[in-house]
Amino acid sequence: MIVFRDPREVPADFGSSVVAIGKFDGVHAGHRAVIRRLRQKAAETGERSVAVTFDRNPLAVLRPDRCPENVVTVERKIELLGELELDATLLLTFDAEFASRSAEDFVADILVGALHVSTVLVGEDFRFGRGGAGTPALLRELGPLHGFTVEVVDDVFLAGSDRRVSSTWIRELLLAGDVTTAAQVLGRNVDVRGEVVHGLKRGRELGFPTANLSASVDSFVPADGVYAGWLHDHATGIRHPAAISVGTNPTFDDVLERQVEAHVLGESELDLYGHDVTVEFVERLRGMVAFEGIEKLMSQMAADVTDAERVLAEG
């Protein structure tokens, strides 16, 4: 997938395209439905399939007091879009200057001028341009003037649920530690990626060595607790079963920042320091609690390992 970071980077001979526009935060099941339709339409017409998105949530500029934390970083968003076999993504810088552009200019300069759009796909609640004046209805008005058509993609609902798939719902689920439902809403397992760094090595002292991720990770971290999941070591390509802990280790009360650490099941001598890894969350086993003494903690850790093995075997 080609990534353009400015409309001026799109070559003049790029050709006509089918375009989907959105924040695509998390690239969840709803976004994936839009992308599937985008690719289908592009295949029918022989045109390029292009996602148009932003380098930040527009609320970070328009209403920073109301801007939620991103489900994934912009780099992870681009990576996830790339996995969906698009021809290109145009990543627009959403700053004060961009926010001041009219909806008509956005259409004329970016969709028509740079991307030579033939079909635009958006969700019903999509807004763009100065003051949010751009709507699907406005796109339909402008389409005949510029030679493109508009498709509004229906909301996606989980089976048995009357709530539409959204990034807001995903954040709520992650804050509650419900990674199982979040995976259904995302269309993939909840995961975070980072570098394995040195910690206090307390897990090793207790017989359960862990890979501690750096404080800088690429996704929204689920609620404190213990989870069953996987550790994917990008250096070796191996995907290890793991028991995962998120939190500040309240039993010892000497960890100042929340951290993600993963104990690879059945391994005691694995050296992952400095490795780039992805930790996938499958199921929450329990919340984070402080234990009275090391023996009770070790007993619970052994039980967590057994529970994680069971969950992963069943999955």
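Our structure is the block above this text.
Throughout what follows, the structure given in this document is the object of discussion. This structure is a prediction, so every number in the text was calculated from the model and none was measured.

Digging into unusual backbone geometry
- For Phe-24, which is not a glycine, the phi torsion comes out positive at approximately 55 degrees.
- Checked against the element boundaries, Phe-24 lands in the loop between β2 (17–21) and α1 (29–45).
- Taking relative accessible area as the criterion, Phe-24 reaches 2% and is therefore assigned buried.

Observations concerning the side chain of Ser-102
- If you trace the backbone, Ser-102 turns up in the loop between α4 (96–99) and α5 (103–114).
- You can call Ser-102 buried: its relative accessible area is 13%.
- Among the polar contacts made by the side chain of Ser-102, one reaches the main-chain amide nitrogen of Asp-105 at a distance of 3.1 Å.
- Setting aside chain neighbours within four positions, we find Ser-102 in contact with Gly-129 and Arg-130.

Considerations on the sheet that holds strand β8 (residues 211–213)
- The strand order around the closed barrel built from six strands is β7-β8-β11-β10-β9-β12, with neighbouring strands paired in antiparallel fashion. In this sheet, adjacent strand axes meet at a mean angle of 45 degrees when their direction is disregarded.
- As defined by bridge partners, strand β10 (residues 238–247) adjoins strand β11 (residues 259–264) across six bridges and the pair is classed as antiparallel. In the sheet register, Ala-243 faces β11, and the bridge partner there is His-263.
- Running over the sheet, helix α8 (residues 179–186) touches β7 (190–197), β9 (225–233) and β12 (276–286) and is turned about 125 degrees from β12.

Some thoughts on the packing of α5 against helix α6 (residues 136–146)
- α6 packs onto α5 with a crossing angle of 50 degrees between their chain directions and a minimal axis gap of 11 Å. As far as their axial angle goes, α6 and α5 are oblique. The interaxial crossing formed by α5 with α6 has right-handed handedness. Of α6, the residues touching α5 (which contributes Ala-103, Glu-104, Val-107, Ala-108, Leu-111 and Val-112) are Leu-138, Leu-139, Leu-142 and His-146.
- When its residues are assigned to classes, the contact of α5 with α6 shows eight nonpolar, one polar and one charged.

What to know about the environment of Ala-242
- Mapped onto the secondary structure, Ala-242 falls in strand β10.
- Sequence-wise, Ala-242 and Ala-51 are 191 residues apart; in three dimensions their C-alpha atoms are separated by 35 Å.
- Setting aside residues no more than four positions away along its own chain, Ala-242 makes contact with Tyr-227, Ala-228, Gly-229, Trp-230, Leu-231, Ala-262, His-263, Val-264, Leu-265, Ala-308 and Leu-312.

The rules behind these values
For every chain, the first residue of the written sequence is number 1, and numbering continues from 1 onward in sequence order. Only residues with pLDDT of at least 70 are given local features in this predicted model, and only at 80 or more are side-chain atom pairs given and counted; all residues enter the totals for whole chains, interfaces and linings. Side-chain numbers come from the whole structure's heavy atoms, not from hydrogens or water. Numbering of helices and strands runs from the N terminus, with a helix taken as a DSSP run of H or I at least four residues long and a strand as a DSSP run of E at least two residues long. Partly exposed residues are those whose accessible area sits between 20% and 50% of the maximum for their type, while under 20% is buried and over 50% is exposed, using a 1.4 Å probe and protein chains only. Here a polar contact is taken to be a pair of N or O atoms separated by no more than 3.5 Å, where protein atoms must pair a possible hydrogen donor with a possible acceptor and residues adjacent in sequence count only if both atoms sit in side chains. Residue contacts are defined here by distance: any two heavy atoms, one from each residue, within 4.5 Å place the two residues in contact. Strand pairing is assigned whenever DSSP identifies at least 2 bridges connecting the two strands. Between N-to-C directions, angles cover 0 to 180 degrees, with each direction set by a line fitted to C-alpha atoms, over the stretch in contact for helices. Just so you know how the angles are binned, under 35 degrees is roughly parallel, over 145 roughly antiparallel, 65 to 115 roughly perpendicular, and the rest oblique. By definition, any crossing whose near helix is turned counterclockwise from its far helix by less than a right angle is left-handed, and any crossing with a clockwise turn is right-handed. Following the grouping adopted for this structure description, the nonpolar residues are Ala, Val, Leu, Ile, Met, Phe, Trp, Tyr, Cys and Pro, the charged ones are Asp, Glu, Lys and Arg, and the polar ones are all others, Gly among them.

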